[in-house]
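Structural overview
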Amino acid sequence: MVLYFSNPPVLTRLLAFLLLTSYTSWPAGALDPSCAPGGNFDLSPWELQLPIGSTGSPETISSASLQGCSGWENFDYFFTESGDGALVMKVPGSPASAGCVTTPNSLHCRTELREVDPSTGVAASWSPNAATNRLIVELVVTVADNSARGTVIGQIHIDDSISSKPVCELYYNSNGDISIGVEQTRSGGDEVFTSLGNIPIGTVFTYELEYYTGLLKVAINGNFQTLDTYELDAPNSYFKVGNYNQGSSASDVHVFSIYLEH
């Protein structure tokens, strides 16, 4: 089992959480506003995809470049909030409204962390039939985009060698409504949506995504639901965290902790 914590003060709370059957959002640890995000968060298992670069080939920041108090940051897209030390991820809008760029298989712009092998920095994936694949994120959405379902704040994505589609996407809209869409097939375009409740804009909350022993689960503030995976047949997958804008207006996500377990 491998654990990755955003910062050491989270460890005690996470160990307590793992002994319980449910949990609520814990407060942020001692985040340092003077450090780049890599000084507060263990970014070794992540690379960063940005809404800048060239069309179909957005700029990607390597895991090695992100790490440490003097690691990479950009005050338009990915930086430490000067007051509380949160990791801020911003997207200006859409290609049409803001001139941002997308990945080859998407129409939408993102500032988003993509899981990599922490020892090599190379894009990684894992089996959903393994013993544990868990992601827990504490965050607040200060601005959601103007699309109906809103900004995607977390994903489980199918390995790129298998499909360009996600297993599931977690959405948060401007009304505070949270929903998750699960693809029925690896070819995609047939998401089934499940409502997960409402968290008002500007309110800190925690989400969890799990995909292991063949079961896909999601939780908001500890309230779990098991989701049907239809005809996906447990493809190798990876986690994503951040701000994947689905609309034409700006979106702004602040992250306080990230916990990753395999």
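Cut-offs used in this document
- Residues numbered from 1 in each chain as written.
- Predicted model: local features only at pLDDT ≥ 70, side-chain atom pairs only at ≥ 80, totals over all residues.
- Heavy atoms only, no water.
- Disulfide = S-S within 2.5 Å.
- Helix = DSSP H or I, 4+ residues; strand = E, 2+ residues; numbered from the N terminus.
- Buried < 20%, exposed > 50% of the residue type's maximum accessible area, 1.4 Å probe, protein only.
- Contact = heavy atoms within 4.5 Å.
- Salt bridge = Lys/Arg side-chain N within 4 Å of Asp/Glu carboxyl O.
- Pairing = 2+ DSSP bridges.
- Axes fitted to C-alpha atoms, helices over the stretch in contact; angles between N-to-C directions.

Take the state of the cysteines next. Counted under the stated rule, the structure contains two disulfides. Sulfur-sulfur distance for the disulfide between cysteine 35 and cysteine 69 comes to 1.9 Å. Across the S-S bond linking cysteine 35 and cysteine 69, the dihedral sits near -95 degrees, which makes this disulfide left-handed. Pair noted here: cysteine 35 is in the loop between helix H1 (9-18) and helix H2 (37-40) and cysteine 69 is in the loop between helix H3 (63-66) and strand S4 (78-80), with a separation of 34 residues, a long-range link. Relative accessible area serves as the criterion here: at 8%, cysteine 35 is assigned to the buried category. The partly exposed category is assigned to cysteine 69, whose relative accessible area is 37%. Counting its disulfide-bonded cysteines in sequence order, the protein chain shows a connectivity of 1-2, 3-4.

Locating glutamate 210 in the fold gives a position in strand S12 (residues 205-212). Contact partners of glutamate 210, with chain neighbours within four places excluded, come to Asn133, Arg134, Ile156, Leu215, Leu216, Lys217 and Phe224.

This part takes up unusual backbone geometry. Residue threonine 213 is not a glycine yet carries a positive backbone phi of 45 degrees. Of note in the backbone geometry, tyrosine 230 takes a positive phi value of approximately 50 degrees without being a glycine. Residue class for tyrosine 230 comes out partly exposed when judged on its relative accessible area of 36%.

Bringing the pattern of salt bridges into the picture now. Enumeration according to the criterion identifies six salt bridges in this entry. The shortest N-O distance in the salt bridge between glutamate 112 and arginine 110 comes to 2.8 Å. Residue arginine 110 is classed as buried on the basis of its relative accessible area of 7%. One salt bridge in this structure joins glutamate 210 and arginine 134, with 3.0 Å as the shortest N-O distance. With glutamate 210 in strand S12 and arginine 134 in strand S7 (residues 134-143), the pair connects residues that are 76 residues apart, well separated along the chain. Both residues of the pair, glutamate 210 and arginine 134, belong to the buried class.

Our next topic: the sheet that holds strand S2 (residues 46-54). Note on sheets: strands pair through backbone hydrogen bonds, and any given pair is parallel or antiparallel. Pairing in this open sheet of eight strands is antiparallel, and the strands run S3-S2-S6-S15-S8-S9-S10-S11 from one edge to the other. The strands lining the two open edges of the sheet, one partner per strand, are strand S3 (57-61) and strand S11 (192-198). When strand polarity is set aside, the average angle formed by the axes of neighbouring strands in this sheet is 20 degrees. Examined bridge by bridge, strand S6 (residues 110-115) and strand S15 (residues 237-244) share five bridges and lie antiparallel to one another. In the strand pairing of S15, leucine 113 is matched with valine 241.

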